[in-house]
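Structure at a glance
Here are the chains, one letter per residue:
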Amino acid sequence: MDSFLRATTGHDTRCLSSFDAFVHRCMYRHVDGAALGVARALFGLAMLIDIPEERGGGDLDLRWGEPRDCRFPLIHTMLPPSLPKLGLIYGLMWLGAAGIMLGFHFRTSAAIFAGTYWYVFLLDKSVWNNHSYLYGLLGTILLFTDAHRCWSIDAWRKPIGPQTVPFWNYFILKFQFFVLYFLAGLKKLCHEWLSGYAMTNLSYHWVFFPFRVLIGPKLTDLLVVHWFGCFFDTTVAFFLVYGRTRKMATLFSGAFHLMNSRLFTIGMFPWVCLTQLPLYYSFSWPRKVRLMNAAKTEPDQRNAKLPRSGKDTHKHRRRRWSMFAMLVYCALQLFLPYSHFLTQGYNNWTNGLYGYSWDMMVHAWDTILIGIRVVDRDNQEQVHYVEPFAFTDNDRWTKHADMAVQFARCVERNVRQEATGQWASIGPSTIPPASRNVSIFFDIWCSMNGRFQQRVFNPNVDILRATWSPFESVDWVLPVLHQFNGLRDTLMRHRTEEVLSWSNHSDVLFIADFPGLTLRNFVSDDLYNVTLHVLQGTVRYESAQENDHPTILQLGQSVSLQSGRFHAVETIGNEPSCYVYTFVNRTKEREATLHGGPGVKSSHAILPLGDEFQHRWENFVRFLQHVGNSLLYELYGVPMPRRLKALVDDSH
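Residues numbered from 1 in each chain as written. Predicted model: local features only at pLDDT ≥ 70, side-chain atom pairs only at ≥ 80, totals over all residues. Heavy atoms only, no water.

**Quick word on the overall build of the protein chain**
Formally: The helix count covers DSSP runs of H or I at least four residues long, the strand count covers runs of E at least two residues long, and both are numbered beginning at the N terminus. Only protein chains enter the accessibility calculation, which uses a 1.4 Å probe. A residue is then buried if its area is under 20% of the maximum for its type, exposed if over 50%, and partly exposed in between. Residue exposure ignores everything except the shown protein chains as possible cover, and the areas themselves are Shrake-Rupley values with a 1.4 Å probe.
Counting its regular elements, the protein chain contains 20 helices and 14 strands. By residue count, 50% of the 652 residues in the protein chain fall in the buried class. Total accessible area computed for the protein chain in this model is approximately 32,100 Å², and 60% of it derives from carbon and sulfur atoms.

**Considerations on the state of the cysteines**
Put simply, the test is: In what follows, a disulfide is any cysteine sulfur pair within 2.5 Å.
The final tally for this structure, using the stated rule, is 1 disulfide. Cys 70 shares a disulfide with Cys 410; S-S distance 2.1 Å. On the sign convention where negative means left-handed, the S-S torsion of about -85° between Cys 70 and Cys 410 marks this disulfide as left-handed. A residue pair is termed long-range when its members are at least 10 positions apart, and Cys 70 in the loop between α4 (60–64) and α5 (83–102) and Cys 410 in helix α16 (residues 401–419) qualify at 340 residues. Of all cysteine sulfurs, the one in Cys 190 lies closest to Cys 230, which takes part in no disulfide; the gap is 8.2 Å.

**Focus on the pairing of strand β3 (residues 365–376)**
Along any regular strand the residues' side chains alternate between the sheet's two faces. Cut-off, in case you're wondering: Strand pairing is assigned whenever DSSP detects at least two bridges linking the two strands.
In the sheet, β3 pairs with strand β5 (residues 438–448) via 11 bridges, with the strands oriented antiparallel. When the sheet's bridge partners are listed, Gly 371 is paired in β5 with Asp 443. Bridge analysis of β3 against strand β4 (residues 383–385) gives 3 bridges, and the strand direction is antiparallel. Residue pairing in the sheet places Val 374 in a bridge with His 384 of β4. Linking β3 to β4, which pair antiparallel, is a turn of 6 residues.

**Considerations on the sheet that holds β4**
Taken together, 4 strands build an open sheet; the order of strands is β4-β3-β5-β6 and the sheet is antiparallel. With partners counted over all chains shown, the strands left at the sheet margins are β4 and β6 (454–455), one partner each. As defined by bridge partners, β5 adjoins β6 across 2 bridges and the pair is classed as antiparallel. If you follow Trp 445 over to β6, its bridge partner there is Arg 455.

**A word on the nonpolar core**
Nonpolar side chains in soluble globular proteins generally cluster together in the buried interior. Keep this limit in mind: In this text, buried Ala, Val, Leu, Ile, Met, Phe, Trp, Tyr and Cys residues form a nonpolar core when linked through side-chain atoms within 4.5 Å. Two residues qualify as a contact provided that any one of their heavy atoms is within 4.5 Å of a heavy atom in the partner residue.
Ranked by size, the top nonpolar core spans 126 residues in total, and within it Trp 397 and Phe 442 carry the most contacts. Counting residues per element, this core draws most heavily on helix α9 (residues 168–188), at 11 residues. Setting aside anything within four residues of it in sequence, one finds Trp 397 in contact with Phe 72, Ile 370, Ile 372, Thr 392, Met 403, Ala 404, Phe 407, Phe 442, Ile 444 and Phe 457. Val 530, Leu 553, Val 559 and Phe 583 belong to the second largest nonpolar core, which has 17 residues in total.

**As for helix α19 (residues 609–636)**
The condition is simple: For a helix, the expected span equals 1.5 Å multiplied by the residue count minus one.
Taking 1.5 Å of rise per residue, the 28 residues of α19 would be expected to cover 40 Å, and the 40 Å separating its terminal C-alpha atoms lies within 8% of that figure. Restricting attention to buried positions, one finds in α19 the residues Asn 619, Phe 623, His 626, Val 627 and Ser 630. Residues of α19 that are buried make contact with α4 and α5. Trailing α19 by a residue or two, Gly 637 shows a phi angle of about 75°, which is positive.

**Observations concerning a nonpolar patch on the surface**
Convention followed: Patch members must show over 30% relative accessible area and no salt bridge, and they are joined within 9 Å when carrying like charges or within 5 Å when they are nonpolar side chains of Val, Leu, Ile, Met, Phe, Trp or Tyr. Salt bridges are counted wherever a side-chain nitrogen of Lys or Arg sits within 4 Å of a carboxyl oxygen of Asp or Glu.
Nonpolar side chains collect at one region of the surface, where Leu 189, Leu 194, Phe 211, Leu 214, Ile 215, Leu 219, Leu 223 and Trp 227 lie side by side and expose about 740 Å² of accessible area between them. In terms of residues, the nonpolar patch owes the most to one element, helix α11 (residues 209–241), which gives 6 residues. Assignment of secondary structure puts Leu 214 in helix α11. With relative accessibility at 71%, the residue Leu 214 sits in the exposed group.

**Considering the environment of Met 360**
By secondary structure assignment, the location of Met 360 is in the loop between α15 (313–335) and β3. Residues Met 360 and Asn 129, spaced 231 residues apart in sequence, show a C-alpha to C-alpha distance of 8.4 Å. Not counting the four nearest positions on each side in its chain, Met 360 is found in contact with Asn 130, Leu 180, Ala 184, Lys 188, Trp 193, Phe 269 and Tyr 354.

**Considerations on the pattern of salt bridges**
Summed over the entire model, instances satisfying the criterion amount to 28 salt bridges. Between Arg 107 and Asp 146 there is a salt bridge, with its nearest N and O atoms 2.7 Å apart. Taken together, the residues span a long stretch of sequence, with Arg 107 in helix α6 (residues 106–123) and Asp 146 in the loop between α7 (130–143) and α8 (153–157) at a distance of 39 residues. For Arg 107, a relative accessible area of 34% gives the class partly exposed.

**Some thoughts on the side chain of Asn 130**
To keep things clear, this is the line we draw: Two N or O atoms form a polar contact when they lie within 3.5 Å of each other; inside protein one atom must be a possible hydrogen donor and the other a possible acceptor, and for residues adjacent in sequence the pair counts only when both atoms belong to side chains.
Of note, Asn 130 is situated in helix α7. Judged by relative accessible area, Asn 130 falls into the buried class, the value being 2%. Only 3.0 Å separates the side chain of Asn 130 from the backbone nitrogen of Trp 358, close enough to count as a polar contact.

**Considering helix α12 (residues 243–263)**
Stated precisely, the cut-off is as follows: What is called the bend at a residue is the angle between a pair of axes, fitted to the seven residues leading up to and ending at it and to the seven starting from it.
Given a rise of 1.5 Å per residue, 21 residues ought to cover 30 Å, and the 30 Å separating the end C-alpha atoms of α12 matches this to within 8%. Of all the bends in α12, the greatest, near 25°, is centred on Ala 249. Taken as a whole, α12 has its buried residues at Arg 246, Ala 249, Ser 253, Gly 254, Phe 256, His 257, Asn 260, Ser 261, Arg 262 and Leu 263. Those residues of α12 hidden inside the fold are in contact with α9, α11, α13 (269–276) and α19.

**Focus on the packing of helix α2 (residues 19–27) against α15**
Worth spelling out the cut-off: Under this scheme, a helix contributes an axis fitted over its contacting stretch, all axes are lines through C-alpha atoms, and angles between N-to-C directions fall in the 0 to 180 degree range. The scheme is simple: roughly parallel for angles under 35 degrees, roughly antiparallel for over 145, roughly perpendicular for 65 to 115, oblique for anything else. Under the convention adopted here, Pro, Cys and the residues Ala, Val, Leu, Ile, Met, Phe, Trp and Tyr are nonpolar, Asp, Glu, Lys and Arg are charged, and Gly plus all remaining residues are polar.
At a closest axis distance of 10 Å, the pairing of α2 and α15 adopts a crossing angle of 95°. The angle between the axes of α2 and α15 places the two elements in the roughly perpendicular class. Every residue of α15 that contacts α2 at Phe 19, Asp 20, Phe 22, Val 23, His 24 and Met 27 is listed here: His 316, Arg 319, Arg 320, Met 323, Phe 324, Met 326 and Leu 327. Considered class by class, the residues forming the contact of α2 with α15 number 8 nonpolar, 2 polar and 3 charged.

**Side note on the side chain of Arg 488**
Looking at where Arg 488 falls in the secondary structure, it is placed in the loop between β6 and α17 (491–500). The class for Arg 488 is buried, based on a relative accessible area of 5%. At 3.0 Å, the side chain of Arg 488 forms a polar contact with the side chain of Glu 192. Among residues more than four places away in sequence, those in contact with Arg 488 are His 191, Glu 192, Tyr 197, Met 448, Asn 449, Gly 450, Arg 451 and Arg 493.

**A closer look at the sheet that holds strand β10 (residues 538–543)**
The strand order β8-β13-β10-β11 describes an open sheet built from 4 strands, whose pairing is antiparallel. Two strands close off the open sheet at either side, each with one partner strand: β8 (518–523) and β11 (551–553). Within the sheet, the average angular offset between the axes of one strand and its neighbour, ignoring direction, is 25°. As judged from the 3 bridges shared by β10 and β11, these two strands associate in the antiparallel manner. Paired with Val 539 across the strands is Leu 553, a residue of β11.

**Some thoughts on the packing of aromatic side chains**
As a reminder, the rule being used: Pairing of aromatic side chains requires ring centres within 6.5 Å, counting the rings of Phe and Tyr and the six-membered ring of Trp. Pairs whose planes differ by under 30 degrees are stacked, by over 60 edge-to-face, and all others tilted. Charge-over-ring contacts are defined here by two conditions on Lys NZ or Arg CZ: a distance within 6 Å of the ring centre and an angle within 35 degrees of the ring normal.
One pass over the structure, following the stated rule, counts 38 aromatic pairs. Arranged with centres 6.2 Å apart and planes meeting at 90°, the rings of Phe 43 and Phe 113 form a pair that is edge-to-face. On the criterion of sequence distance, the pair formed by Phe 43 in helix α3 (residues 34–50) and Phe 113 in helix α6 is long-range, its members being 70 residues apart. Accessibility expressed as a relative area gives 1% for Phe 113, which makes it buried. Geometrically, the ring pair formed by Trp 118 and Phe 121 is edge-to-face, given 5.2 Å between the ring centres and 85° between the ring planes. A residue pair is termed a helical-turn pair when its members lie 3 or 4 positions apart in one helix, as Trp 118 and Phe 121 do in helix α6 at 3 residues. Exposure remark for Phe 121: the relative accessible area of 9% places this residue in the buried category. Each residue in the set Phe 43, Phe 113, Tyr 117, Trp 118, Phe 121, Trp 128, Tyr 133 and Trp 358 is aromatic and connected to the rest through ring pairs, giving one cluster. The ring of Tyr 281 has Arg 246 sitting right over it, with the charged end atom 5.7 Å from the ring centre.

Next comes the structure, spelled out in structure tokens:
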């Protein structure tokens, strides 16, 4: 046991004999800080690139400059500061990251980075993801370490003795990455992932070409993407810790993260993970790279004696409290991903807000309809519809009740201010004329992991007056219709293959709905040969055409639909219904004919590294301009130029 523990962790069993032994012999054992210094510098460099990109620094004016845009802060009463002040906050964040990278006034730099990062992070949970959460955690962890003892300006300007750090500096970082990998693997040990529903058709990406040739696309999706992905996340941290498997685990980890950098638009996340892999090797590996003798700078304190005199009592007490705080942090990191039984107000089709749960890629969403209905309460016949992306750039709010409430209140605020003329000077209006007393209803249709399209929220509930609490379940969130899950592998797949075989431009849309609710749909002129076929349940079909009478459709019955007309499908009876639309897209057929057939596709570079570098450079230049303009505004009142979203979208 002792030899195994020493081989895997570098410690012996005496470290576990008591809490004091754990603190002094293990966690406060002095080790070389060289590897930690390199990890610190590379993390800081990654954040210097990340801030103008995924943090939105290059598009500050677009993301934060429009006063009518809706915000989704974690604390609902939080309001973002003005655009110039946010520009200064982003500038401080970037300087903090630069200080971390260089090890210059390290504590101050890390505190500035962590404080500004978490502030911006909490301002908008609609853009949360697992890696943005990870960056905040890493920045906070580094703040409490001695990562500036080596390879830093601080160490060069003011040498402070041996370039060693307590072992816990390494332990807490490696533990954080253990949580990242292992819990991500545990979250994938579910039917949805292991059955291959989450990441369908990913095998057609060029990185999977060798697997696709050998075993085909379906098995590549199931075995390589889903099964191996689950196995990798669950086990890689253990393989990295164990010396005999470390090199092989590093090889697989490198390939895994490099593939992810090509598969997904996830910014610096793969590179941050890659830069931390060397932490699992010798504490002094950077010195060995420089052909220096590491033995003189990596003291071995395994046999350190426990304190016996009273002169260092205060220091030892501080160490024990520090280790207690670290263990509480570790326990919290293990608890938070499973804390959704407390924060029930954030539970919808999935548990909790996306980001801190490490459920990476487990759920794939497909949203086909976002209906925002504004009803004048003083005149019920006056109904207006708001364009879904008029006040936000993403649709994350459509899957979360807390953000739906925030969005509804934002729309109400804009309606009120439009009614009083407060927005008169800010470009063309996207808000319908209405009184200041309104109700707002959402009719949102979404599919999760290849299921039927269904409603997310009850469309008859006025969201402005709906009850919501962080600690109570939300009764106006409609449940996932799990009774139709089994149809994904049988009926849905069979019908899809049948319809797609008609032509290169035929398609299919599966719908499920609750009893008593009605889908009002419009068949575009772009479509023809449109058919509605009932798969389960009973529906009442009604066309908007004059002299057409309602038709009752049951299991197996169908009706042809005319293009360019509205119709309604009401689910009747006591059971949910599911039905399917089949159609052919006339416009795509015409475009294929004009462009020489369906096989013609635009070519894209496999590794567009030049384009990516140019994009990042342009983001960085715009970021510096925004920060400079913010500084000029705050100091001298120089007006801050701002782009309009509509013009930027048109240019692309």
